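Observations on the model geometry
Spelled out from the first residue to the last, the chains are:
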Amino acid sequence: MKRILLSFVIFSVLVASLSGCNSKNNIREFSKDDMIYFILTDRFYDGDIDNNYDVDKNNPKKRHGGDLRGIIQKLDYIKSLGSTAIWITPIMKNEKDGYHGYWIEDFYEVDPHLGTLEDMKELVKKSHDMDMKVILDYVVNHTGYNSPWLDDENYRDWFNENKTISNWSNQEEVENGWLAGLPDLNFSNVEVREYFIENALWWIEQTGIDGMRLDTVKHVPRDFWSEFVERINDKYPDFFFLGEVWSENVRYFKSYSDTGITGMTNYPLYKGIITTFREYGNTNNLKTAIREDSNFTNPSMNGIFIDNHDNIRFPSIHRNNPVEYHKQALTFIMSYPAIPVIYYGNEIGMDGHDDPDNRRDMQWDNIEGNEVFQYFNFLSNLRSEAVIREGSFNLLETDNFTLSYIIETPDEFLLYIINIFDRDTIVELSLDLPDQEVRSVLDDDVISISNNLLKIDLKPLDIRIYRGTK
Ligand SMILES: [Ca+2]
Ligand SMILES: [Ca+2]
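Residues numbered from 1 in each chain as written. Chains lettered and ligands numbered in written order. Predicted model: local features only at pLDDT ≥ 70, side-chain atom pairs only at ≥ 80, totals over all residues. Heavy atoms only, no water.

Re the pairing of strand 13 (residues 412-419)
Across the eight residues that make up strand 13, a large majority, seven, are buried. In terms of strand pairing, strand 12 (residues 402-408) meets strand 13 through seven bridges, oriented antiparallel. In the sheet register, I407 faces strand 13, and the bridge partner there is L414. The antiparallel hairpin formed by strand 12 and strand 13 contains three residues in its connecting segment. For strand 13 and strand 18 (residues 463-469), the ladder comprises seven bridges, and the chain directions are antiparallel. Counted as the bridge partner of Y416 is I465 from strand 18. (Buried < 20%, exposed > 50% of the residue type's maximum accessible area, 1.4 Å probe, protein only. Helix = DSSP H or I, 4+ residues; strand = E, 2+ residues; numbered from the N terminus. Pairing = 2+ DSSP bridges.)

Structural notes on unusual backbone geometry
Here the amide bond leading from D355 into P356 is cis, since omega sits at 10°, within 30 degrees of zero. Relative to the helices and strands, P356 resides in the loop between strand 10 (339-343) and helix 12 (371-383). The backbone phi angle of N452 is positive, close to 65°, even though this residue is not glycine. By the element assignment, N452 lies in the loop between strand 16 (446-449) and strand 17 (453-458).

Some thoughts on the packing of helix 6 (residues 190-207) against helix 7 (residues 222-235)
Put simply, helix 6 and helix 7 touch, their axes get as near as 10 Å, and they point 35° apart. In the crossing of helix 6 with helix 7, the sense of the turn from one axis to the other is right-handed. Contacts between helix 6 and helix 7 involve R193, E194, F196, I197, A200, L201, I204 and E205 from the former and D223, F224, E227, F228, R231, I232 and K235 from the latter. Tallied by class, the residues present in the contact of helix 6 with helix 7 amount to eight nonpolar, no polar and seven charged. (Axes fitted to C-alpha atoms, helices over the stretch in contact; angles between N-to-C directions. Left-handed = near helix turned anticlockwise from the far one by under 90°. Contact = heavy atoms within 4.5 Å. Nonpolar A, V, L, I, M, F, W, Y, C, P; charged D, E, K, R; others polar.)

Looking at the coordination of the calcium ion (ligand 2)
The calcium ion (ligand 2) binds to the protein through N141 (OD1), E175 (O), D184 (OD), D184 (OD) and H219 (O); the donor distances cover 2.2 to 2.5 Å. Spacing between the donor residues of the calcium ion (ligand 2) along the chain follows N-x33-E-x8-D-x34-H. The exposure class assigned to E175 is buried, which follows from its relative accessible area of 12%. Under the relative-accessibility criterion, D184 is labelled buried at 0%. (Donors = N, O, S within 2.8 Å, 3.2 Å for Na, K, Ca; no water.)

Quick notes on the sheet that holds strand 10
Spatially, eight strands are ordered 8-7-6-5-2-1-10-9 in an open sheet, and the strand pairing comes out parallel. Edge strands, defined here as strands with exactly one partner in the open sheet, are strand 8 (263-264) and strand 9 (303-304). Along the sheet, helix 6 makes contact with strand 5 (133-138) and strand 6 (211-214), crossing strand 5 at roughly 150°. Sitting on the sheet, helix 7 touches strand 5, strand 6 and strand 7 (240-243), and the angle it makes with strand 7 is about 160°.

A word on the coordination of the calcium ion (ligand 1)
Note on the calcium ion (ligand 1): its protein donors are D46 (OD), D48 (O), N51 (OD1), N52 (OD1), G65 (O) and D67 (OD). The metal-donor distances range over 2.3 to 2.5 Å. The coordination sphere of the calcium ion (ligand 1) comprises six donor atoms, whose angles at the metal cover 65 to 172°; the geometry is irregular. The sequence pattern describing where the donors of the calcium ion (ligand 1) fall on their chain is D-x1-D-x2-N-N-x12-G-x1-D. Judged by relative accessible area, which is 24%, D48 ranks as partly exposed. (Tetrahedral: all angles 85-135°; square planar, octahedral: opposite > 155°, others 65-115°.)

Comments concerning the pattern of salt bridges
Two side chains with opposite charge may pair up if their charged atoms get near one another. What the rule picks out here adds up to 31 salt bridges. The partner of R43 in a salt bridge is D42, with the nearest N and O atoms 2.9 Å apart. Since its relative accessible area comes to 1%, R43 is described here as buried. As a salt-bridge pair, R63 and D111 come within 3.3 Å of each other at their nearest N and O atoms. Of the two residues, R63 is situated in the loop between strand 1 (36-39) and helix 2 (68-73) and D111 in the loop between strand 4 (104-110) and helix 4 (117-129); the sequence distance between them amounts to 48 residues. Residue classification places R63 among the buried residues on the basis of a relative accessible area of 1%. Using a relative accessible area of 1% as the deciding quantity, one classes D111 as buried. (Salt bridge = Lys/Arg side-chain N within 4 Å of Asp/Glu carboxyl O.)

Quick word on helix 4
Across its 13 residues, helix 4 extends 18 Å between first and last C-alpha, which sits within 8% of the 18 Å expected from 1.5 Å per residue. All buried positions along helix 4 are accounted for by D119, M120, L123, V124, S127 and H128. If you follow the buried residues of helix 4, they end up packed against helix 2, helix 3 (75-80), strand 2 (85-88), strand 5 and helix 6. Downstream of helix 4 by one or two residues, D131 has phi in the positive range, about 65°. (Expected span 1.5 Å × (residues − 1).)

Looking at the packing of aromatic side chains
Going through the model one piece at a time under the given rule, you end up with 46 aromatic pairs. Geometrically, the ring pair formed by Y405 and Y416 is stacked, given 4.6 Å between the ring centres and 15° between the ring planes. Pair noted here: Y405 is in strand 12 and Y416 is in strand 13, with a separation of eleven residues, a long-range link. In terms of burial, Y405 and Y416 fall into one category: buried. When the ring centre of Y45 is taken as origin, the NZ or CZ atom of K74, which lies over that ring, is 4.5 Å away. Across from the ring centre of Y256, 4.3 Å away, lies the NZ or CZ of R222, which sits over that ring. (Phe/Tyr/Trp six-rings, centres within 6.5 Å; stacked < 30°, edge-to-face > 60°. Lys NZ or Arg CZ within 6 Å of the ring centre and 35° of its normal.)

Some remarks on the domain arrangement of the protein
Often the size quoted for an interface is simply the accessible area lost on bringing the parts together. Here the domain parsing of the protein yields domain 1 (28-384) and domain 2 (394-469). Once you take the C-alpha centre of each, domain 1 and domain 2 turn out to be 34 Å apart. Between domain 1 and domain 2, the contact holds 22 residues from the first and 23 residues from the second. Where domain 1 abuts domain 2, roughly 1,800 Å² becomes buried across the two surfaces, and 67% of that area is made up of carbon and sulfur atoms. (Domains from an automatic or database assignment. Buried area = accessible area lost by both parts, 1.4 Å probe.)

A few points about the nonpolar core
Formed by 124 residues in total, the largest nonpolar core has its most connected members in M212, F228, F277 and F332. When residues in this core are grouped by element, the largest group, eight residues, is from helix 6. Split by domain, this core shows at least three residues from each of two domains, domain 1 (28-384) and domain 2 (394-469). Counting residues in hydrophobic clusters, the runner-up holds 16 residues, among them V427, L431, I449 and Y466. (Core = buried A, V, L, I, M, F, W, Y, C linked by side-chain atoms within 4.5 Å.)

This is the structure we're talking about:
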């Protein structure tokens, strides 16, 4: 009996170690327990001054010198935040001022400002050694403005006709128009489709990355994405795709989850977050987005975020109390069952208005003393607990000025109560829980649940998290 049990244990351990790791290329599988740290490489950390040509740190639209070696040097920091994956902006060779990586000149070369293919391989290898995965941003919709293909006879049928997108509700225009004047690639041409599938496989084989963030998904036909995902997953079954579908329309958004893309940057929830955690906000917006989220096939594989390189940084939305609202929004995304995508600087409350102001250089000074940083680390530690990993998330009935939810397993629970109003308030929650005293995980506060009711006085912009047993 003992021997059978032991071999079962050994077998289970074997299966567990194999299932987290694809046999080809050692690709590591993603789950909702991941946390992605998103880096705009040029703005993160300058690890090699020898590649700093074309750099002008005073100009927000020019290169600032950050590079792959800089990320390698900061891997300990990234890991310390609780990150399990790193998403980096495209590394393909860009035209002169393509500091962000989205103006690609050569799809098969690493941009020399960022480093070399060897640097990229080292970044992936070292990340894997630290149990972190790497996601490469991948662009197929367009080339840079001055692509050499534009003047080459052989590529004559590779581009769509030069038209701007004027009607954004016309899908044909959205797919075939030139986005921001960028030469738009023609995906009805089989050569273009094959080129990008082969190119993507080349990057995976060369570098060992675990996933791709797919840029401008809605500007490329859905049938291409289905083929792209299928062909790559044929070869690398656990390879992860995070699709950027920039739309708050739930039905439209859902139509892309049917293409096979693993998860998407959840813009409907983002909209709920930024209209709730703000002055004169309304928690109904987020509550509705949460209810609609359950319509998606696999909502927990979507990326959840408070801002990114295309949107105003979260604290800059707020005239008053930016730090308090920032903490509230972080509290939500670090407890909701989906994959938090932390844009570099979220963890220290970096601000910045629209592009390119939302792409300022990472602020490395006095991080340890930063109030938001300490709170973020608290949230990250809490997120690693079994109750959040295994528990189910349930919204509780409250008024429009408070958000409350419970995350529960059969044995224990965490109860979240957030006051988005800048004034005192009293909340009464109806809870199907045994009578008990519940203890705050943030301070010494203890409150009582009695006869399935909990009554609590909240301070302005309060965040309370309590732990209890079932
Ligand atoms: Ca550099
Ligand atoms: Ca297009």
